Amino acid sequence: MQDRQVGFVFQHFALFKHRTVRQNVAFGLELRRWKKEAIQRRVDELLDLVQLQGFGHRYPSQLSGGQRQRVALARALAVQPRVLLLDEPFSALDAKVRKELRAWLRNLHDEMHVTTVIVTHDQEEAMEVADRIVVMNNGKVEQIGTPAEIYDQPATPFVMSFIGAVNVLPPGAIQVAGDAAGPAHASTAADAPLFVRPHDVEVFLQEEPGTVPVQLRRISHMGRDLQAELVLGDGQVVMAQIPREQLRFESLQPGSRLHIRSREARSFVPDYSI
């Protein structure tokens with residue numbers, strides 16, 4: 001790693017407990033026998049960059065999880081790597097800190113312009129931070145693309161199921177607004193399952209053209225949106241994500257009869273070449 005100018009950030013920080021923040025950040029520079037004055041300047045620059053000015057004298061045990069992760073990043077950046085590798089860098093942190101650090105890391109990348117490779121199982125993290133995403137399944141690359149390409153134009157059923165929530169329904173279980181047969185589908189395979197995003201499920205209190213009846217099992221309030229768990233006549237469950245202003249939910253109770261259709265659906269022609 002050292003000879004190849006690669007910086008590495010471990011999943012669980014791997015900071016030296018007996019060293020202060022400054023000493024942790026300076027470690028790689030000391031191995032390279034930088035002069036003391038140059039090390040001090042570089043450490044000062046990095047602590048400022050990762051917003052830890054005034055924390056240099058503290059030990060890792062005196063820091064929060066998010067602060068320790070920023071120290072680990074500063075230590076990796078100290079040696080001015082050409083490539084930065086991050087192994088699930090935020091998995092040990094709680095959800096709020098993870099979200100804050102994702103935004104911080106994206107801004108840091110834009111400022112430093114260091115090629116960064118992140119390994120993560122958090123789809124939201126990949127979508128928020130990355131310019132390009134490589135989706136892998138059992139060691140096989142399923143698709144490479146921008147976050148928009150991966151989400152809007154998934155190449156395989158695995159990619160569509162893995163990136164974002166999706167309903168997988170039997171053929172013909174739900175109608176697509178405008179045309180149930182083709183334009184909204186990735187293929188027209190008659191026997192292929194339909195993949196429908198929850199936010200593409202339209203929910204109506206009364207029957208509308210092209211809708212199918214469902215029964216409300218549960219409705220959850222997710223802030224601005226509602227999440228409805230709906231049951232088709234054959235027992236198939238459909239999840240719908242609905243903006244609050246689009247549905248009068250106050251009178252809805254478990255067992256309420258509703259009607260649904262899809263704005264968009266996708267199916268995939270089976271690959272018989274494998």
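Structure's up top.
Notes on the structure follow.

Rules used throughout
- Note that residues are indexed from 1 along each chain, following the sequence as it is written.
- Residue-level local features of this predicted model are given only where pLDDT is at least 70; pairs of side-chain atoms are given and counted only at 80 or more, and the full residue set underlies all totals for whole chains, interfaces and linings.
- By convention in this description, side-chain values take in all heavy atoms of the structure and omit both hydrogens and water.
- Only protein atoms enter the 1 Å grid used here, on which a cavity is any set of points holding a 1.4 Å probe that cannot leave and a pocket is any open set flanked by protein within 12 Å on both sides along at least five of seven lines; residues with an atom within 4 Å of a point are listed as lining.
- Grid points are joined across faces, edges and corners, and a volume is the space filled by probe spheres set on the points.
- Helix and strand definitions follow DSSP, with helices as H or I runs of at least four residues and strands as E runs of at least two, each counted in order from the N terminus.
- Each residue receives one of three labels: charged for Asp, Glu, Lys and Arg, nonpolar for Ala, Val, Leu, Ile, Met, Phe, Trp, Tyr, Cys and Pro, and polar for the others, Gly being one of them.
- Inter-axis angles, ranging from 0 to 180 degrees, are taken between N-to-C directions of lines fitted to C-alpha atoms, where helices are fitted over the stretch in contact.
- Roughly parallel refers to an angle under 35 degrees, roughly antiparallel to one over 145, roughly perpendicular to one between 65 and 115, and oblique to any angle outside these ranges.
- Crossing handedness is defined as follows: a turn of the near helix away from the far one that is anticlockwise and smaller than a right angle gives a left-handed crossing, while the clockwise case is right-handed.
- When checking whether two residues touch, look at their non-hydrogen atoms; a contact exists if any pair is within 4.5 Å.
- Here, a salt bridge means any Lys or Arg side-chain nitrogen found within 4 Å of an Asp or Glu carboxyl oxygen.
- Throughout, exposure labels follow a simple rule: accessible area from a 1.4 Å probe, protein chains only, divided by the maximum for the residue type, with under 20% read as buried, over 50% as exposed, and the rest as partly exposed.
- One bridge is not enough; two strands pair if DSSP finds at least two bridges between them.

Notes on empty space enclosed by the protein
Working step 1: Following the criterion strictly, the structure yields one cavity of 30 Å³ or more and no others.
Working step 2: By volume, the largest cavity is sized at about 50 Å³.
Working step 3: Around the largest cavity sit Leu-77, Leu-84, Leu-105, Leu-108, His-109, Met-112, Val-114 and Thr-116, which together line it.
Working step 4: The biggest single contributor to the lining of the largest cavity is helix α4 (residues 95–112), with four residues.
Working step 5: In terms of residue class, the lining of the largest cavity is built from six nonpolar, two polar and no charged.

Regarding the packing of helix α2 (residues 36–49) against helix α3 (residues 65–78)
Working step 1: Interaxial distance between α2 and α3 falls to 10 Å at its minimum, and their mutual angle equals 140°. Taken together, the axes of α2 and α3 are oblique relative to one another. In the crossing of α2 with α3, the sense of the turn from one axis to the other is right-handed. The segment α2 lies against α3, with Arg-42, Leu-46 and Leu-49 engaging Ala-74, Leu-77 and Ala-78.
Working step 2: When its residues are assigned to classes, the contact of α2 with α3 shows five nonpolar, no polar and one charged.

Details of the pattern of salt bridges
Working step 1: Applying the stated criterion to the full structure yields 16 salt bridges.
Working step 2: For Asp-44, the salt bridge is made with Arg-22, and the minimal N-O distance between the two is 2.8 Å. Linking Asp-44 in helix α2 with Arg-22 in helix α1 (residues 21–31), this pair joins segments that are 22 residues apart in sequence.
Working step 3: Residue classification places Asp-44 among the partly exposed residues on the basis of a relative accessible area of 37%.
Working step 4: Assessed through its relative accessible area of 28%, Arg-22 is described here as partly exposed.
Working step 5: The residue Asp-110 makes a salt bridge to Arg-106 at a minimum N-O spacing of 2.6 Å. Within this pair, Asp-110 and its partner Arg-106 are both found in helix α4, separated by four residues, close to a single helical turn.
Working step 6: Judged by its relative accessible area of 38%, Asp-110 is partly exposed.

Regarding the sheet that holds strand β1 (residues 6–9)
Working step 1: Reading across from one edge, β1-β2-β3 is the order of the three strands in this open sheet, with parallel pairing throughout. Every interior strand has two partners, whereas the edge strands, β1 and β3 (115–119), have only one. Each strand axis lies, on average, 15° off the axis of its neighbour in the sheet, ignoring direction.
Working step 2: As defined by bridge partners, strand β2 (residues 83–87) adjoins β3 across five bridges and the pair is classed as parallel. Bridging from a neighbouring strand, Leu-85 pairs with Val-117 of β3.
Working step 3: The strands that α3 touches are β1 and β2; relative to β1, the one it contacts most, it runs at about 165°.

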